[in-house]
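The primary structure of each chain is shown beneath.
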Amino acid sequence: METPNLPSPELEMILRRELMPGERLLWSGRPDPLRLRAIFGIWFFAVPWTAFALFWEAMALLPWMASSHTPLGIQWSFGIVFPLFGLPFIGIGLGMLWLPFKVRRKAAETIYGLTDRRMLRVTAGTKRESASVLISQMGPIDVTADADGYGTLRIQTGTRLDSDGDKVTERFEVSGVPGVNRLEGLLLEQKAAQ
C-alpha cells in the first residue's frame, strides 16, 4: 500500500498561518502531482497542433530559403506575412505542451485544510493564493475515490447566471488527495454540528 502524500512541514506551517484565532485544524492534505496524469491527455491535441504549426512556419519561411528561385515581391509579402501569422499558433502549441508541468508544479505547492469552521486551499508558489468556503455556505458534496483512497471532493458553494443567462454551479474542489472518504466524513460531521 502507498504511503499517504503527507504535507511538507513548510506547507503545513503556511496553512496554520491562515487559521483564524480559535480555529481548529481537523484535517490537512496535499494533492499528489503524480495523480494528475489526466492532464497529460492534452498532449493528444497539443502535439499535432504544434507539429502542424512548426510545419506551417517552415513552409512559410521557404521563400527566404529558396531566395534565388522566388520572385522578390512574393519573398517580401508572403515571406513576412505567413511566418508572422504562424508565430501565435506555435506559441499556443508550446503553451499547451507546458500546461501539464505547470499544473503538477502548482499541485506540489498546494495544501488543503479542513477546520471546524471552513475548508481551505492554500497555494504557496511565487505568490501565495488562498481560498476558503465556510461550512455554513456549503451545499451538496460529491466524492470520486480510487480503490487506494485517493480522490476528489467537490463542494457546491452556490449558483449564478452567466452572461448568456445560463445557470452555472460554483464548486470548491479538493483534488487528488489521500483519504478523501475520511475527509468527506469529517466534513459531514462538521456540517451536522452547525
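Everything below is about the structure printed above this text.
Residues numbered from 1 in each chain as written. Predicted model: local features only at pLDDT ≥ 70, side-chain atom pairs only at ≥ 80, totals over all residues. Heavy atoms only, no water.

J.: Could you clarify how one ought to interpret the side chain of Ser-175 in this entry?
T.: By secondary structure assignment, the location of Ser-175 is in strand β7 (residues 167-177). On the basis of relative accessible area, Ser-175 is assigned to the buried category, the value being 17%. (Helix = DSSP H or I, 4+ residues; strand = E, 2+ residues; numbered from the N terminus. Buried < 20%, exposed > 50% of the residue type's maximum accessible area, 1.4 Å probe, protein only.)

J.: For this particular structure, what's the right way to read the packing of aromatic side chains?
T.: Within a pair of aromatic rings, the relevant descriptors are the distance that separates the centres and the angle that separates the planes. For the structure on display, the rule yields eight aromatic pairs. Feature note: the residues Phe-45, Trp-49, Trp-56, Phe-82, Phe-85 and Phe-89 constitute an aromatic cluster, connected by ring pairs. A cation over a ring is seen here: Arg-121 above Phe-172, with NZ or CZ 4.6 Å from the ring centre. (Phe/Tyr/Trp six-rings, centres within 6.5 Å; stacked < 30°, edge-to-face > 60°. Lys NZ or Arg CZ within 6 Å of the ring centre and 35° of its normal.)

J.: Can you help me understand the pattern of salt bridges in this one?
T.: As a working rule, side chains carrying opposite charge can pair if their charged atoms are close by. According to the stated counting rule, one finds eight salt bridges in the structure shown. Among the ionic pairs, Glu-12 bridges to Arg-16, the shortest N-O distance being 3.7 Å. Within this pair, Glu-12 and its partner Arg-16 are both found in helix α1 (residues 9-17), separated by four residues, close to a single helical turn. Assessed through its relative accessible area of 18%, Glu-12 is described here as buried. For Glu-129, the salt bridge goes to Lys-106, with nearest N and O atoms at 3.4 Å. Here Glu-129, found in strand β4 (residues 128-134), pairs with Lys-106, found in helix α4 (residues 72-108); they are 23 residues apart in sequence, far enough to count as distant. Glu-129 gets classed as partly exposed once you look at its relative accessible area, which sits at 35%. (Salt bridge = Lys/Arg side-chain N within 4 Å of Asp/Glu carboxyl O.)

J.: Got a minute to help me understand the nonpolar core in this structure?
T.: Soluble globular proteins tend to pack their nonpolar side chains together in the buried interior. If you look at the biggest cluster of nonpolar residues, it comprises 17 residues, and the most contacted ones within it are Trp-27, Leu-114, Met-119, Leu-153, Ile-155, Val-174 and Leu-187. Only β2 (110-115), β6 (151-161), β7 and α5 (180-193) provide two or more residues apiece to this core. For this core, the element with the highest residue contribution is α5, accounting for four residues. Among all residues touching Leu-114, those that are not within four sequence positions of it are Arg-24, Leu-25, Leu-26, Trp-27, Met-119, Ile-135, Leu-183, Leu-186 and Leu-187. One finds Leu-11, Ile-14, Ile-111 and Leu-120 within the second-largest nonpolar core, a separate group that totals eight residues. (Core = buried A, V, L, I, M, F, W, Y, C linked by side-chain atoms within 4.5 Å. Contact = heavy atoms within 4.5 Å.)

J.: Is there a simple way to explain the side chain of Thr-152 in this structure?
T.: Assignment of secondary structure puts Thr-152 in strand β6. When its relative accessible area of 16% is taken as the criterion, Thr-152 is described as buried.

J.: Can you walk me through the sheet that holds β4 in this structure?
T.: Through backbone hydrogen bonds, the strands of a sheet pair up, either in parallel or in antiparallel fashion. Pairing within the open sheet is antiparallel, and its four strands lie in the order β1-β2-β3-β4. The open sheet has two edge strands with one neighbour each: β1 (25-29) and β4. In this sheet, adjacent strand axes meet at a mean angle of 15 degrees when their direction is disregarded. Pairing analysis gives five bridges linking β2 to strand β3 (residues 118-124), with the strands arranged antiparallel. Across the sheet, the residue bridging to Gly-113 is Leu-120, located in β3. Along the sheet, α1 makes contact with β1, β2, β3 and β4, crossing β2 at roughly 45 degrees. The strands that α5 touches are β1, β2 and β3; relative to β1, the one it contacts most, it runs at about 155 degrees. (Pairing = 2+ DSSP bridges. Axes fitted to C-alpha atoms, helices over the stretch in contact; angles between N-to-C directions.)

That's the geometry; what it means functionally is another story.
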